[in-house]
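Results of the structural survey
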Amino acid sequence: GAGVSQSPSNKVTEKGKDVELRCDPISGHTALYWYRQSLGQGLEFLIYFQGNSAPDKSGLPSDRFSAERTGGSVSTLTIQRTQQEDSAVYLCASSLARDNRGTDNEQFFGPGTRLTVL
Amino acid sequence: AQTVTQSQPEMSVQEAETVTLSCTYDTSENNYYLFWYKQPPSRQMILVIRQEAYKQQNATENRFSVNFQKAAKSFSLKISDSQLGDTAMYFCAFMNPPGNMLTFGGGTRLMVKP
């Protein structure tokens, strides 16, 4: 079956512009995660969604960052008024469920979106 | 908060030889999961192996095995019979409670030389 997909693969934008990054999780996966991978900060958690519960936004670096997950499937990460320090690879992952033992909590990653802010 | 440390930024190994990547972590939790992920130049993160903290037996997956030392909070990855396709970044990651977000180490860049 299809894995996690992300679009666009690469995005170049100018400082101050807004960008939207999209993630399509694996069908049936109830949990969805966003991570950011940058040279200076390594891999860091941003936000996650689990079913109909309120998302955990504890990793978002500023209020310029927001994310939605519509219908429990597709998610969009929005960065407003982009800054050069936002340049990074944004990774999305999904998993079957949380709080389950066994293999259900394995996170499957998409190929990422490389964001470059000029 | 949990932290994960990978002390080897870069390593190299000859093809067919064995290499061990180090990982230590810090947590006050008793129930957690540990993972090793591989990230080739394609950027796709691929799960290599996982370990449940409540299991004493070290996990193995073909040429990949771990040495999990819970008391020492150490979780090293051993790659046997290294292959050119093993060249990649390797990330150690911690998850607690099960199903929650991953905390990653800084990564180790592994180069397998022919």
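Scope of this entry: the structure provided in the associated data block. (Residues numbered from 1 in each chain as written. Chains lettered and ligands numbered in written order. Predicted model: local features only at pLDDT ≥ 70, side-chain atom pairs only at ≥ 80, totals over all residues. Heavy atoms only, no water.)

Here we look at the layout of surface pockets
Note the following rule: A cavity here means a set of points on a 1 Å grid, drawn over the protein atoms and nothing else, where a 1.4 Å probe fits but cannot get out; a pocket is an open set with protein on both sides within 12 Å along at least five of seven lines, and a residue lines either one if it has an atom within 4 Å of a point. Grid points are joined across faces, edges and corners, and a volume is the space filled by probe spheres set on the points. By the criteria applied, helices consist of DSSP H or I runs no shorter than four residues and strands consist of E runs no shorter than two, each listed in order from the N terminus. By the convention adopted, Pro, Cys, Tyr, Trp, Phe, Met, Ile, Leu, Val and Ala count as nonpolar, Lys, Arg, Asp and Glu as charged, and the other residues, Gly among them, as polar.
Here the largest pocket defines a volume of roughly 630 Å³. In terms of lining, the largest pocket is formed by 26 residues, of which the most central are Gln 37 and Leu 39 of chain A together with Gln 39, Met 89 and Arg 109 of chain B. For the lining of the largest pocket, the secondary-structure elements that each account for two or more residues are strand S4 (31-38), strand S5 (42-50), strand S8 (88-95) and strand S10 (113-117) of chain A together with strand S10 (88-95) and strand S12 (108-113) of chain B. Of the residues that constitute the lining of the largest pocket, the class distribution is 13 nonpolar, 9 polar and 4 charged. Of the voids in this model, the second largest pocket is the one considered here, and its volume is about 220 Å³. Lining the second largest pocket are 13 residues; nearest its centre among them are Arg 50, Glu 52, Ala 59, Thr 60 and Glu 61 of chain B.

Looking at the interface of chain B and chain A
Using the following cut-off: Note on contacts: a residue pair is in contact if any heavy atoms of the two residues lie within 4.5 Å. As a working definition, buried area equals the accessible area (1.4 Å probe) given up by two parts on being put together, with both sides summed. The rule for a salt bridge is simple: a side-chain nitrogen of Lys or Arg has to be within 4 Å of a carboxyl oxygen of Asp or Glu. For this analysis, a polar contact is any N or O atom pair within 3.5 Å, provided that within protein one partner can donate a hydrogen and the other can accept it, and provided that sequence-adjacent residues contribute only side-chain to side-chain pairs.
Facing 21 residues of chain B, the contacting portion of chain A comprises 28 residues. The contact between chain B and chain A buries some 2,000 Å² in all, and 49% of this surface belongs to carbon and sulfur atoms. Linking chain B to chain A there are 0 salt bridges. There are 8 residue pairs in polar contact (both at pLDDT 80 or more) connecting chain B and chain A. When residues of the side of chain B that touches chain A are traced back to their parent elements, those giving at least two are strand S5 (33-39), strand S6 (46-52), S10 and strand S11 (102-104) of chain B.

Describing the packing of aromatic side chains
Stated formally: Any pair of Phe, Tyr and Trp rings, taking the six-membered ring for Trp, is counted once the centres come within 6.5 Å. Such a pair is stacked with planes under 30 degrees apart, edge-to-face with planes over 60 apart, and tilted for the rest.
Applying the stated criterion across every chain, the model contains 17 aromatic pairs over all chains. Here Tyr 25 of chain B and Phe 94 of chain B contribute two aromatic rings whose centre-to-centre distance is 6.0 Å and whose plane-to-plane angle is 40°, an arrangement assigned as tilted. Taken together, the positions of Tyr 25 of chain B in strand S4 (residues 24-26) and Phe 94 of chain B in strand S10 put the pair 69 residues apart, joining distant regions of the chain. Of the aromatic side chains, those joined through ring pairs into one cluster are Tyr 33, Tyr 35, Phe 45, Tyr 48 and Phe 109 of chain A together with Tyr 33, Phe 35, Tyr 37, Phe 91 and Phe 104 of chain B.

Some remarks on the nonpolar core
Here is the rule: Side-chain atoms within 4.5 Å link the members of a nonpolar core, which is a set of buried Ala, Val, Leu, Ile, Met, Phe, Trp, Tyr and Cys residues. Only protein chains enter the calculation, and the probe is 1.4 Å; a residue is then buried if its accessible area is under 20% of its type maximum, exposed if over 50%, and partly exposed in between.
Grouped together as the largest cluster of nonpolar side chains are 25 residues, with contacts concentrated most on Tyr 25, Trp 36, Phe 75, Leu 77 and Tyr 90 of chain B. Listed by contribution, the elements that provide at least two residues to this core are strand S3 (19-21), S5, S6, strand S8 (64-69), strand S9 (74-79), S10 and S12 of chain B. At 4 residues, S10 of chain B tops the list of elements feeding residues into this core. The contacts of Tyr 25 of chain B, once residues within four sequence positions are left out, are Thr 3, Val 4, Tyr 32, Leu 34, Phe 68, Gln 69, Lys 70, Lys 73, Ser 74, Phe 75 and Phe 94 of chain B. Membership of the second largest hydrophobic core comes to 21 residues, among which are Phe 45 and Tyr 48 of chain A together with Phe 91 and Phe 104 of chain B.

Describing the state of the cysteines
Such a bond, covalent and formed between the sulfur atoms of two cysteines, is termed a disulfide. For the record, the criterion: A pair of sulfur atoms, both from cysteines and within 2.5 Å, is called a disulfide here.
Under the criterion given, the structure shown has 2 disulfides over all chains. Linked covalently through their sulfurs, Cys 23 of chain A and Cys 92 of chain A form a disulfide whose S-S length is 1.8 Å. With the S-S bond torsion at -65°, the cross-link from Cys 23 of chain A to Cys 92 of chain A turns out left-handed. Highlighted residues: Cys 23 of chain A in strand S3 (residues 19-24) and Cys 92 of chain A in strand S8, separated in sequence by 69 residues. Per residue, the accessibility class of Cys 23 of chain A equals that of Cys 92 of chain A, and both read buried. A sulfur-sulfur separation of 2.0 Å characterises the disulfide bridge that pairs Cys 23 of chain B with Cys 92 of chain B.

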